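# Residue-level structural notes
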Amino acid sequence: IEVAYEVPYLAITSVVNAATRERSQLRLLSYLRIFDTLRLAASQGLSPPQLFARLAEVSAYTLHLCSPSGRPLLHGVPGAPAGWRAPVSGTGVRSMDGGLISVPVPLRGRIAGYLVAVEQPGREALGLLAVRHIATIAALELANLQRSREALRREGAETLGEMLAGMLDPGAVRARLRLAGLDP
């Protein structure tokens, strides 16, 4: 004998909605963890490699930050994985087989490079939106690096100008060179 079970549509909808809501909440919490990692990096003074290692842990991706030619953009953060090529259009996101996502990293109106995210085996990666959030963090790190390099360049130019004008004594020149990390 067969007995039919009637399940109201509303009950099925509620179960599906609850499952979807739970998954959405988990993703949202993961996105918050990404930006909390940035906050911690700023407050604790983490280096870029330490920051990207924490972001990789949160996102379940192995992260690479590279120029369009595949070279590393930040010291200590790996460049492009083997076989990677920049998207042809130069501006778009590219997904490849094997769980690899490339997202452009903008800097001052141009594409400075790409964040390449490779899914870590045995873990559930957060998806494209998380990789875009991390690319935003990468852009901030590159902007900070560019700003500090520009400040050093300006200081060096001022020191050179003052040296050539004879405004600095040798002791002051040596002190400035030491401050710049050079051995006089």
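What you see is a predicted model, and the numbers here were worked out from it, not measured in a lab. (Residues numbered from 1 in each chain as written. Predicted model: local features only at pLDDT ≥ 70, side-chain atom pairs only at ≥ 80, totals over all residues. Heavy atoms only, no water.)

With respect to the helices, strands and loops of the structure, His-64 is situated in strand β1 (residues 61-66). At 2.7 Å, the side chain of His-64 forms a polar contact with the backbone oxygen of Gly-79. Dropping the residues within four chain positions of it, His-64 is found in contact with Pro-78, Gly-79, Ala-80, Pro-81, Tyr-114, Leu-115, Val-116 and Val-118. (Helix = DSSP H or I, 4+ residues; strand = E, 2+ residues; numbered from the N terminus. Polar contact = N/O pair within 3.5 Å; in protein donor to acceptor, adjacent residues only side chain to side chain. Contact = heavy atoms within 4.5 Å.)

It is worth spelling out helix α2 (residues 48-59) at this point. End to end, α2 covers 16 Å across twelve residues, agreeing with the expected 16 Å (1.5 Å per residue, within 8%). Leu-51, Phe-52, Leu-55, Ala-56, Val-58 and Ser-59 are the residues of α2 that are buried. One side of α2 holds all its buried residues, which, seen down the axis, span an arc of 165°. After α2 finishes, the residue Ala-60 shows a positive phi value of roughly 70°. (Expected span 1.5 Å × (residues − 1). Buried < 20%, exposed > 50% of the residue type's maximum accessible area, 1.4 Å probe, protein only. Arc of directions from axis to C-beta.)

A few words on the packing of aromatic side chains. With the rule as written, the count across this model stands at one aromatic pair. Relative to Tyr-114, the ring of Trp-84 lies with its centre 5.6 Å away and its plane at 55°, an arrangement referred to as tilted. Of this pair, Trp-84 sits in the loop between β1 and β2 (94-96) while Tyr-114 sits in strand β4 (residues 110-119), placing them 30 residues apart in sequence. Tyr-114 shares its class with Trp-84; the two are buried. (Phe/Tyr/Trp six-rings, centres within 6.5 Å; stacked < 30°, edge-to-face > 60°.)

Another point: the environment of Ala-117. In this structure, Ala-117 sits in strand β4. Under the relative-accessibility criterion, Ala-117 is labelled buried at 0%. Separated by 54 residues in the primary sequence, Ala-117 and Leu-63 have C-alpha atoms spaced 4.8 Å apart. Other than its neighbours up to four places away in sequence, Ala-117 contacts Tyr-61, Thr-62, Leu-63, Gly-99, Leu-100, Ile-101 and Val-131.

Once that is clear, we can look at the pattern of salt bridges. Side-chain pairs of opposite charge can arise whenever the charged atoms involved come near each other. Enumeration over the complete set of coordinates arrives at four salt bridges. Its salt-bridge partner being Arg-153, residue Glu-150 comes within 2.8 Å of it at the nearest N-O pair. Residue Glu-150 and its partner Arg-153 are located together in helix α3 (residues 128-164), separated by three residues, close to a single helical turn. For Glu-150, a relative accessible area of 32% gives the class partly exposed. Look at the salt bridges and you will find they share partners, linking Glu-150, Arg-153 and Arg-154 into a network. (Salt bridge = Lys/Arg side-chain N within 4 Å of Asp/Glu carboxyl O.)

Take the packing of α2 against α3 next. Across the interface, α2 lies against α3 with an axial gap of 12 Å and an inter-helix angle of 175°. Here α3 runs roughly antiparallel to α2, going by the angle between their axes. Contact with α2, carried on its side by Pro-48, Leu-51, Phe-52, Leu-55 and Ser-59, involves Ile-134, Ile-137, Ala-138 and Glu-141 of α3 and no other residues of that element. Grouping the amino acids of the contact of α2 with α3 by side-chain chemistry returns seven nonpolar, one polar and one charged. (Axes fitted to C-alpha atoms, helices over the stretch in contact; angles between N-to-C directions. Parallel < 35°, antiparallel > 145°, perpendicular 65-115°, else oblique. Nonpolar A, V, L, I, M, F, W, Y, C, P; charged D, E, K, R; others polar.)

With respect to the helices, strands and loops of the structure, Thr-37 is situated in helix α1 (residues 9-44). Beyond its immediate sequence surroundings of up to four residues, Thr-37 is in contact with Leu-51, Arg-54, Leu-55 and Val-58.

Turning next to the nonpolar core. Of all hydrophobic cores here, the largest spans 32 residues; its most connected members are Ile-34, Phe-52, Leu-55, Leu-63, Leu-65, Val-105 and Leu-115. Elements that contribute at least two residues to this core include exactly α1, α2, β1, β3 (100-107), β4 and α3. No other element matches the nine residues that α3 contributes to this core. Excluding anything up to four places from it in sequence, Ile-34 contacts Leu-55, Val-58, Leu-126, Ala-130, His-133, Ile-134 and Ile-137. If you look at the next biggest cluster of nonpolar residues, it comprises six residues, including Cys-66, Trp-84, Val-116 and Val-118. (Core = buried A, V, L, I, M, F, W, Y, C linked by side-chain atoms within 4.5 Å.)

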